[in-house]
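Below, each chain spelled out in residue letters.
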Amino acid sequence: LYQVPQPIEIRPTEFTKPWDTAQRPPVRTLWVKSRLKLPDDSNVHERILTYISDWGFLETSVMPHPTGMWERSMQMASLSHSIHFHRPFRAD
């Protein structure tokens, strides 16, 4: 996944080891950039932002607990979230 350039570049501003079991506040920031010029279609921009918004929810939810993302007993799934767009924007 990380060896091939992806169309959307997402990087944590601070790296947390996925096997680290230290408890921390559930706060995480990401640096995001589109590697491509996106079309002038608001539906595309909304879908891209929706995809990006789901990135990192699970890792952030584990932070306040004494467990790591790569624990053998850990099973996670992103179920659903909603986004309401109030005006057009560009995601690139």
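Owing to the predicted nature of the structure, the values given are computational and were not obtained by experimental measurement.

Visitor: Would you mind showing me how to read the overall build of the protein chain here?
Guide: Looking only at helices and strands, the protein chain has two helices and two strands in total. Starting at the N terminus and ending at the C terminus, the protein chain contains elements arranged as β-β-α-α. Each of the three principal axes of the protein chain carries a C-alpha extent, and together these read 45 × 30 × 20 Å. Here the protein chain holds 92 residues, and the buried ones make up 17% of them. Long-range contacts, defined here as pairs at least 24 residues apart, represent 70% of the contacts in the protein chain between residues at least 6 apart.

Visitor: Would you take a moment to explain the nonpolar core for this structure?
Guide: When a protein is soluble and globular, its nonpolar side chains tend to lie buried together. Among the nonpolar cores identified, the biggest contains five residues, and these are Ile8, Ile10, Leu38, Ile48 and Ile52. Going through the elements one at a time, β1 (8-12) and α1 (42-54) are the ones with two or more residues in this core. With residues near it in sequence (within four places) discarded, isoleucine 52 still touches Ile8, Ile10 and Val32.

Visitor: Looking at this model, I keep getting lost on the packing of aromatic side chains. Mind explaining?
Guide: For the structure on display, the rule yields three aromatic pairs. Each ring, one from tyrosine 51 and one from tryptophan 55, has its centre 6.1 Å from the other, and the planes form 55 degrees; the classification is tilted. Given the relative accessible area of 47%, tyrosine 51 is considered partly exposed. Plain terms: the ring middles of phenylalanine 85 and phenylalanine 89 are 5.3 Å apart, the flat faces sit at 35 degrees to each other, and that makes the pair tilted. Residue phenylalanine 85 is classed as partly exposed on the basis of its relative accessible area of 28%. Given the relative accessible area of 26%, phenylalanine 89 is considered partly exposed.

About the cut-offs
Numbering of residues starts from 1 in every chain and runs along the sequence as written. Where totals are concerned, whole chains, interfaces and linings use all residues; where local detail is concerned, this predicted model gives features only for residues with pLDDT of at least 70, and gives and counts side-chain atom pairs only at 80 or more. Hydrogens and water are ignored here; the side-chain numbers use all heavy atoms of the structure. Under the scheme used here, helices are H or I runs from DSSP no shorter than 4 residues and strands are E runs no shorter than 2 residues, and both carry numbers assigned from the N terminus. Categorising residues by exposure relies on relative accessible area from a 1.4 Å probe, with only protein chains included: less than 20% of the type maximum marks a residue as buried, more than 50% marks it as exposed, and the intermediate range marks it as partly exposed. Note on definitions: a residue-residue contact is assigned when non-hydrogen atoms from the two residues lie within 4.5 Å. Side-chain atoms within 4.5 Å are what join buried Ala, Val, Leu, Ile, Met, Phe, Trp, Tyr and Cys residues into a set we call a nonpolar core. Note on aromatic pairs: the rings of Phe, Tyr and Trp (six-membered ring only in Trp) are paired at centre separations within 6.5 Å, and the planes decide the class, stacked below 30 degrees, edge-to-face beyond 60, tilted for the rest.

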